Amino acid sequence: MFGFFKKKPEPERQTSHPLHVPEDVESFLTRARSLNDPALLINILDPASATAYTESLRGIPVADRLGLIALDDANDSNPYCLITNGPTSGMVVHFSHDTEPKIEFLSLDAFEAFLVKLHEQRACMFDMDAPSVSHPDQSLLDASILSLIDEQPSDEVEFLICLYLPLLRGDHADLLARLATYDNFFVREAVAEAIGSAGLSGSREILVKLTDDPHPQVQAAAARALKLQAWGSSHGA
């Protein structure tokens, strides 16, 4: 939604330094390739191919900022990538043309365990949902999102806010209240969705206000989240 594949002008890309895949990533790629299976759409890259794919991401602002390293290529332009920069460094994000990008694994080990499970169950990569994950350091995540709010608004900043929001757990009412007035409606919609999916506490008043948001997508997301909160309360969640 934020034009992830939009690259910087060519002159800026020429200043890039040569890419070196870290040893731990190379070790993962070498091990995980034994799990490759076309029928399951698993195609972990060898280190040289991962380097080439990662080089092709150079010049995409979000890819550069996250320090993405491509891990697979199922020939569908929906790669899994390792994040090496920022508050989610070490986590694995899945990019998709059909749904919003999502951080699905907290580590390469967790991603590898997922691939093993696919083999055991003979399940296609995209037929099995990865479990929702939360950031292990909620204070760091909160502070990181706050710093993004204070940056000059841009597609890159708004993309990162929406990427990080689903990792929140617990009470972040002050942060969510600020984001609920953010100018970009995608961010406000993501706020409502994050509250609903994670059951974030202290957020009912924020959702009620978002049901009156000027944009219908935000209104709908807030209404869905309120229903989820009501269901959770009635079932003791």
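Residues numbered from 1 in each chain as written. Predicted model: local features only at pLDDT ≥ 70, side-chain atom pairs only at ≥ 80, totals over all residues. Heavy atoms only, no water.

Q: Honestly, the overall build of the chain in this entry has me stumped. Any pointers?
A: When helices and strands are counted, the chain shows 11 helices and four strands. Within the chain, the proportion of its 237 residues that are buried is 46%. Sequence-distant contacts in the chain: of pairs separated by 6 or more residues, those separated by 24 or more amount to 58%. On the chain, roughly 11,900 Å² of surface is accessible, and the fraction owed to carbon and sulfur atoms is 52%. (Helix = DSSP H or I, 4+ residues; strand = E, 2+ residues; numbered from the N terminus. Buried < 20%, exposed > 50% of the residue type's maximum accessible area, 1.4 Å probe, protein only. Contact = heavy atoms within 4.5 Å. Areas by Shrake-Rupley, 256 points an atom, 1.4 Å probe, with all protein chains shown as cover.)

Q: Just to check I follow, could you spell out helix H6 (residues 138–149) for this structure?
A: Because an α-helix packs 3.6 residues into every turn, residues spaced three or four apart end up facing the same way. Spanning 12 residues, H6 covers 17 Å between terminal C-alpha atoms, matching the ideal 16 Å at 1.5 Å per step. Buried within H6 are the following residues: Gln138, Leu141, Asp142, Ser144, Ile145, Leu148 and Ile149. In a view along the axis of H6, the buried residues occupy a sector of 165°, so they form one face of it. Looking at the buried side of H6, the elements it contacts are helix H4 (61–66), helix H7 (155–164) and helix H8 (173–179). (Expected span 1.5 Å × (residues − 1). Arc of directions from axis to C-beta.)

Q: Mind showing me how you'd approach the sheet that holds strand E3 (residues 92–94) here?
A: Within a sheet, neighbouring strands are paired by backbone hydrogen bonds and run either parallel or antiparallel to one another. A sheet is described by the order of its strands in space; here four strands give the open sequence E1-E2-E3-E4, paired in antiparallel fashion. On the outer flanks of this sheet lie strand E1 (69–70) and strand E4 (102–105), each paired with one strand and no other. Two elements, E1 and strand E2 (residues 80–82), share two bridges in a ladder whose sense is antiparallel. Across the sheet, Ile69 pairs through a bridge with Leu82, a residue of E2. (Pairing = 2+ DSSP bridges.)

Q: Would you take a moment to explain the packing of helix H2 (residues 23–32) against helix H5 (residues 108–121) for this structure?
A: For any two helices packed against each other, one specifies the inter-axial angle together with the distance between the axes. Two elements in contact, H2 and H5, have axes whose closest approach is 11 Å; the angle formed by their N-to-C orientations is 5°. Relative to H5, the element H2 lies roughly parallel. For the pair formed by H2 and H5, the contact residues are Asp24, Val25, Phe28, Arg31 and Ala32 on the first element and Leu108, Asp109, Phe111, Glu112 and Leu115 on the second. (Axes fitted to C-alpha atoms, helices over the stretch in contact; angles between N-to-C directions. Parallel < 35°, antiparallel > 145°, perpendicular 65-115°, else oblique.)

Q: I keep staring at helix H9 (residues 185–198) and nothing clicks. Help me out?
A: With 14 residues, H9 should cover 20 Å at 1.5 Å per step; its first-to-last C-alpha distance of 20 Å lies within 8% of that length. Buried residues of H9: Val187, Arg188, Glu189, Ala190, Val191, Ala192, Ala194, Ile195 and Gly196, and no others. Where H9 begins, one side-chain oxygen reaches toward the backbone nitrogen of Phe186, 2.7 Å away; that side chain belongs to Asn184. Phi for Gly199, located one or two positions after H9, is positive at around 60°. (Polar contact = N/O pair within 3.5 Å; in protein donor to acceptor, adjacent residues only side chain to side chain.)

Q: Looking at this structure, I do not really get the confidence of the model for the chain. What am I missing?
A: Detail in the predicted coordinates should be disregarded across regions flagged by low pLDDT. Per-chain confidence: the chain averages 89 in pLDDT, with 89% of residues scoring 70 or above. Ranking the elements of the chain by mean pLDDT puts helix H1 (residues 10–13) last, at 43, and H6 first, at 98. Here residues 5–15 is a poorly scored stretch, pLDDT under 50, and it has 19 contacts once near neighbours within four places are set aside; other chains count. (pLDDT = per-residue confidence, 0-100.)

Q: Can you help me understand the pattern of salt bridges in this one?
A: Close approach of charged atoms allows side chains of opposite charge to pair. Enumeration according to the criterion identifies eight salt bridges in this entry. For Glu151, the salt bridge identified is with Arg65, shortest N-O distance 2.6 Å. With Glu151 in the loop between H6 and H7 and Arg65 in helix H4, this pair connects stretches of sequence that are 86 residues apart. Since its relative accessible area comes to 31%, Arg65 is described here as partly exposed. Each of Arg65, Glu151 and Glu156 takes part in salt bridges that share partners, so that together they form one network. (Salt bridge = Lys/Arg side-chain N within 4 Å of Asp/Glu carboxyl O.)

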